[in-house]
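# A look at the structure
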Amino acid sequence: MRILIRTSKTAIWARRIGRIAIPLVILPVGMHHLGLIDSPSFFTVAILALIVSALAALVGLLALIRLWFSGDQGWGKALSGLFLGLICLAPFAYYGYYAWRYPPVTDIATVPRGELPLLFLPDTAKMPPPKLITPDEQTRIFPNATTRTYPLDVVSLFGVVERLAQNEGWDIRLTRAPGLDGTPGRINARIATIPGWREEAVLRIAPTPTGAKVDMRSASINAPHDFGSNGTRIERFMVTLDNEVTTLLRDNPNVNQPSPAEDDEPAPTVEGEEG
């Protein structure tokens, strides 16, 4: 007599749900990056992807437990569903960790935000009110997100800042060199995060009595939480700038000294007439 061994329906559904979770996690990220869906729609789809991914992992785990006791077939399908569910949950776990580590803030600046304005673009006009932290919290959480002052002339410092911003791969939208009348230089750049949220960095380079200073702002345009990206961006950029300026001053100790004026040529001698 032939014994019929059934394939667990729970295992079948685990793999099916896992296969649905993969495109549900990947495709919206690409569409968000390309601007094919707006941020509120992306957030809604992300929540749906989280639910489906968790369901795939849960059904896969349940299928494995039932297979252990029933002896049915479907171990591969159950493991596949569990694996796909866990893979899809990994990005949510990653950002969940940073949401726990950093407070829900969307705008960080080294000076009052009004001094470093964002570009007025269509998405900027639709920005929700920013989520802010107190100066004490900012000092505690992002200790290196502070104004930098250097014994370097404003033109040279602006060149260094502009080069570093370009090296970051940011989409630079505005570059305004410092003016001869003391007007600060300014750089505005856009950054797309991995999930496709847009953020904007603003840099101001202003002269001081002994050199020049740099202030920076980084703000999320439409994200409900920056997961620490704005504060860490400012810290990372400022520390890199510290190293660049230190190297520049070390290798060019006379960079701030005016070029010596060329000696005037002696006036030709005019011989007077004899007599």
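Structure's up top.
## So, the side chain of H32
When you line up the elements, H32 lands in helix α1 (residues 9–34). Relative accessible area serves as the criterion here: at 3%, H32 is assigned to the buried category. Aside from chain neighbours lying at most four places away, what touches H32 is I37, D38, S39, F42, P195, G196, W197 and R198.

## A closer look at a nonpolar patch on the surface
A grouping of L61, I65, W68, F69, W75 and L79 is seen on the molecular surface, where their side chains present a nonpolar patch of about 730 Å² in accessible area. Looking at the nonpolar patch, the elements that each hand over two or more residues are α2 (39–70) and α3 (75–101). Broken down by element, the nonpolar patch gets its largest block of residues, four residues, from α2. Given a relative accessible area of 46%, L79 falls into the partly exposed group.

## Looking at the nonpolar core
Grouped together as the largest cluster of nonpolar side chains are 30 residues, with contacts concentrated most on L157, V161, W170, L203, V214 and L241. At the level of secondary structure, the elements contributing two or more residues to this core comprise α6 (154–167), β4 (185–192), β5 (198–208), β6 (211–220) and α7 (229–251). Not counting chain neighbours up to four residues away, the residues in contact with V214 comprise T147, R148, Y150, L157, V161, L203, R204, I205, M238 and L241. Judged by nonpolar contacts, the second largest core, of nine residues, contains A21, V25, V52 and V59.

## Brief notes about the pattern of salt bridges
For the structure on display, the rule yields 11 salt bridges. For D123, the salt bridge identified is with R190, shortest N-O distance 2.8 Å. Here R190 lies in strand β4 and D123 lies in helix α4 (residues 122–125), a separation of 67 residues in the sequence. Of the residues examined, R190 reaches a relative accessible area of 6% and is grouped as buried. Among the salt bridges present, the one from R233 reaches E199, with a minimum N-O distance of 2.7 Å. Placement of R233 in helix α7 and of E199 in strand β5 is noted, with a sequence separation of 34 residues between them. The same class applies to R233 and to E199, which are both buried. Connected via shared salt-bridge partners are D107, R113 and R217.

## Looking at the environment of G228
You can see G228 is positioned in the loop between β6 and α7. For G228, the residues in contact, after removing those within four places along its chain, are Y102 and F142.

So, how was this worked out
- Residues numbered from 1 in each chain as written.
- Predicted model: local features only at pLDDT ≥ 70, side-chain atom pairs only at ≥ 80, totals over all residues.
- Heavy atoms only, no water.
- Helix = DSSP H or I, 4+ residues; strand = E, 2+ residues; numbered from the N terminus.
- Buried < 20%, exposed > 50% of the residue type's maximum accessible area, 1.4 Å probe, protein only.
- Contact = heavy atoms within 4.5 Å.
- Patch = residues over 30% accessible without salt bridge, like charges linked within 9 Å, V, L, I, M, F, W, Y side chains within 5 Å.
- Areas by Shrake-Rupley, 256 points an atom, 1.4 Å probe, with all protein chains shown as cover.
- Salt bridge = Lys/Arg side-chain N within 4 Å of Asp/Glu carboxyl O.
- Core = buried A, V, L, I, M, F, W, Y, C linked by side-chain atoms within 4.5 Å.

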